[in-house]
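Single-letter residue listing:
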Amino acid sequence: MDRYEVVIVGGAAVGSAAAYFLAAHPQFAGELLVLEQDFSYQRCATTLSVASVRHQFSTPENIRMSMFGTEFIARLGEHLTVDGQAPDVGWHEAGYLFLATQAGLPQLQANHRTQRELGAQVQLLDPDPLRQRFPWLRCDDLAGASLGHRGEGWLDAYALMMALRRKATSLGAQYRQARVAQLLRSGRQVQGVVLDDGTHIGCGTLINAAGSGATALAHSAGIELPVQPRKRCVFHVRSPALTPGCPLVIDPSGVYFRPEGTGWLCGVAPPEGQDPPCEDFEVQHALFDERIWPVLAARVDGFEALRVMRAWAGHYDVNLLDHNMILGAHPDIDNLLFANGFSGHGLQHAPAVGRALSELVVHGVYRSLDLSRLGWARVLRQEPLREINVV
Ligand SMILES: Cc1cc2nc3c(=O)[nH]c(=O)nc-3n(C[C@H](O)[C@H](O)[C@H](O)COP(=O)(O)OP(=O)(O)OC[C@H]3O[C@@H](n4cnc5c(N)ncnc54)[C@H](O)[C@@H]3O)c2cc1C
């Protein structure tokens, strides 16, 4: 039986970030294998994401992880250059703009205080300065907004994932296309994995970075991970409207939009009672007609004439407890590290999570950023660490 010091299941953004940080760690010299079921990456959340980065969260750890993500992107050449070629991930530092009605203002202000305390460059705007800054935005129902000045924007998620993978490979990580059918557990240890074709592979540590496939893997080791896939649809639209300087805008209704090429991407989460676990990738077109279009047509001059050019559906791996990730070991198993339940913000957190996982493998504790509040303890106690700014 082949045996590796570390086996990572799932080789998209999070798995590849973990592979890169481990392979680059000066104190890690072991063999590292990444098992990924689909090298086309067509259906993973990473490829289907809106690929945006914000510092405007309510949970301090999320803010700090995004800030590290921004730093990492700014110095991508230093981290991920291979054979003299620095990756280009198309970083657009255009900010996020959270809009609030009177009812939403206290929460916006509370989040703002937390973000400022942690050094995020965000600014609260009253309606008048908001109108002056974005004359194409209709603000009559708004009481204020929060704008990110530095470090927020969007990029090419696939390019980032492939750059992490390429660099990890150049440092010795091995990638194999194979589906893990189950984990092999004996007492407090995961001994390895069984692949679909029956092959057994042994490991010293196993990292579960399987996105919405993580729950089934955990179950095969006797752990119930409270993470379920939820469908999120993205619409690429065009219109004659002009929105110079447009950030990623979050309407008080939850509808968001941001520029993409000569058009915009937009979407919204379905209402809570209409958001079941999903397996298919069918686009919910009614969401655009009934929930997104009316909001956008009322919010931006010229958006009445929006036309959908294309649309897709992806799966959020949602932590049902509190919309925050579950990171690290379960108390019943010593060598199985989880990195799951990102609930729609895992791409921007992938660099910080990759670094954190490498620290857990090498040192057994977090060294740079303490993410222990995001571990299993709160899940098992059913004490949510709720992220309020979920998009
Ligand atoms: C529509 C949409 C919009 C989003 N927008 C944003 C955004 O703007 N900003 C942001 O930060 N995040 C966003 N996200 C969330 C983000 O994409 C995810 O949190 C992040 O990509 C998770 O990365 P991952 O590597 O954990 O999971 P994934 O990208 O889903 O990768 C998991 C990988 O594991 C593999 N796998 C699964 N099971 C097995 C198995 N048994 N054996 C082998 N391989 C397996 C899969 O093939 C897959 O490649 C969005 C997500 C969606 C769906």
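Residues numbered from 1 in each chain as written. Predicted model: local features only at pLDDT ≥ 70, side-chain atom pairs only at ≥ 80, totals over all residues. Heavy atoms only, no water.

Engineer: Teacher, can you tell me more about the side chain of Lys 167 here?
Structural biologist: Structurally, Lys 167 is set in helix α7 (residues 157-170). It is Asp 83 that comes nearest to the buried, bridge-free Lys 167 among opposite-charge side chains, at 8.3 Å. (Helix = DSSP H or I, 4+ residues; strand = E, 2+ residues; numbered from the N terminus. Buried < 20%, exposed > 50% of the residue type's maximum accessible area, 1.4 Å probe, protein only. Lys, Arg positive; Asp, Glu negative; His and termini not counted. Salt bridge = Lys/Arg side-chain N within 4 Å of Asp/Glu carboxyl O.)

Engineer: Is there a simple way to explain the packing of helix α1 (residues 13-24) against helix α10 (residues 346-363) in this structure?
Structural biologist: Each pair of packed helices can be described by the angle between their axes along with the distance between the axes. Running from amino to carboxyl end, α1 crosses α10 at an angle of 45°, the nearest separation of the two axes being 7 Å. Viewed along their axes, α1 and α10 adopt a mutual orientation that is oblique. Viewed along their axes, α1 and α10 form a crossing whose handedness is right-handed. Residues Ala 13, Val 14, Ala 17, Ala 18, Phe 21 and Leu 22 of α1 touch α10, and the partners they reach there are Gly 346, Leu 347, Ala 350, Pro 351, Val 353, Gly 354, Arg 355, Leu 357, Ser 358, Val 361 and Val 362. Across the contact of α1 with α10, the residue classes break down as 13 nonpolar, three polar and one charged. (Axes fitted to C-alpha atoms, helices over the stretch in contact; angles between N-to-C directions. Parallel < 35°, antiparallel > 145°, perpendicular 65-115°, else oblique. Left-handed = near helix turned anticlockwise from the far one by under 90°. Contact = heavy atoms within 4.5 Å. Nonpolar A, V, L, I, M, F, W, Y, C, P; charged D, E, K, R; others polar.)

Engineer: How should the packing of α1 against α7 be read in this particular structure?
Structural biologist: Taken N-terminus to C-terminus, the directions of α1 and α7 make an angle of 35°; their axes are 8 Å apart at the nearest point. Relative to α7, α1 is oriented so that their crossing is left-handed. Two secondary-structure elements touch here, α1 through Ala 13, Ser 16, Ala 17, Ala 19, Tyr 20 and Ala 23 and α7 through Met 161, Leu 164, Arg 165, Lys 167 and Ala 168.

Engineer: Sorry if this is basic, but what is going on with the site of the ligand here?
Structural biologist: Around the ligand sit 35 residues in total, of which Glu 36, Thr 46, Ser 52, Gly 346 and Gln 348 are the nearest. In the model, a nitrogen atom of the ligand is placed 2.9 Å from a nitrogen or oxygen of the Val 180 main chain. Burial of the ligand by the protein chains amounts to 95% of its free accessible area of 1,000 Å². Residue assignment for the shell around the ligand shows that the elements contributing at least two residues are α1, β2 (32-36), α2 (45-48), β12 (227-238), β16 (307-319) and α10. Tallied by class, residues from the shell around the ligand come to 19 nonpolar, 13 polar and three charged. Each of two domains, domain 1 (2-85 + 156-226 + 321-381) and domain 2 (96-149 + 228-316), supplies a minimum of three residues to the shell around the ligand. (Near = heavy atom within 4 Å. Polar contact = N/O pair within 3.5 Å; in protein donor to acceptor, adjacent residues only side chain to side chain. Areas by Shrake-Rupley, 256 points an atom, 1.4 Å probe, with all protein chains shown as cover. Domains from an automatic or database assignment.)

Engineer: I'm lost on the domain arrangement of the chain in this one. Help?
Structural biologist: It is common to report an interface's size as the accessible area lost on association of the parts. What the domain assignment reports for the chain is domain 1 (2-85 + 156-226 + 321-381) and domain 2 (96-149 + 228-316). Computed over C-alpha atoms, the centres of domain 1 and domain 2 are 29 Å apart. Facing the 20 residues of domain 1 at the interface are 25 residues of domain 2. A combined buried area of about 1,800 Å² lies between domain 1 and domain 2, and 64% of that area is made up of carbon and sulfur atoms. Area buried by domain 1 at its contact with domain 2 is led by Leu 48, Val 50 and Gln 56, which between them contribute 35% of it. (Buried area = accessible area lost by both parts, 1.4 Å probe.)

Engineer: What's the story with the sheet that holds strand β15 (residues 263-267) in this structure? I'm lost.
Structural biologist: Across a sheet, strands are paired by hydrogen bonds formed along the backbone, either parallel or antiparallel in direction. In spatial order, the strands read β5-β6-β4-β13-β14-β15-β12-β16; together these eight strands make up an open sheet with mixed pairing. Strands with a single pairing partner mark the edges of an open sheet, and in this sheet they are β5 (122-125) and β16. The mean angle between the axes of side-by-side strands here comes to 20°, regardless of whether they run parallel or antiparallel. Here strand β14 (residues 256-260) runs beside β15; their pairing, made up of five bridges, is antiparallel. Its bridge partner lying in β15, Pro 259 is registered against Trp 264. In this fold helix α5 (residues 105-117) packs onto β4 (96-100), β5 and β6 (144-148), with an angle of close to 155° to the strand it touches most, β5. (Pairing = 2+ DSSP bridges.)

Engineer: Please clarify how the pattern of salt bridges should be interpreted in this entry.
Structural biologist: Oppositely charged side chains are able to pair whenever their charged atoms sit close together. Taken as a whole and judged by the stated rule, the model has 17 salt bridges. A salt bridge links Glu 78 to Arg 75; the nearest nitrogen and oxygen atoms lie 2.8 Å apart. As a salt-bridge pair, Asp 128 and Arg 131 come within 2.9 Å of each other at their nearest N and O atoms. Linking Asp 128 with Arg 131, this pair stays in helix α6 (residues 127-133), spanning three residues, or about one helical turn. In this structure Arg 131 comes out as partly exposed when scored by relative accessible area, which is 33%. Among the charged side chains, a salt-bridge network with shared partners connects Asp 128, Arg 131 and Asp 140.

Engineer: Looking at this structure, how should I read α10?
Structural biologist: For an α-helix the count is 3.6 residues per turn, leaving residues at separations of three or four pointing the same way. The largest bend in α10 is about 35°, located at Ala 352. For α10, the tally of buried residues reaches 15 of 18 residues, placing the bulk of the element in the interior. One or two residues past the end of α10 sits Gly 364, with phi positive at roughly 80°. (Bend = angle between axes of the 7 residues up to and from the residue.)

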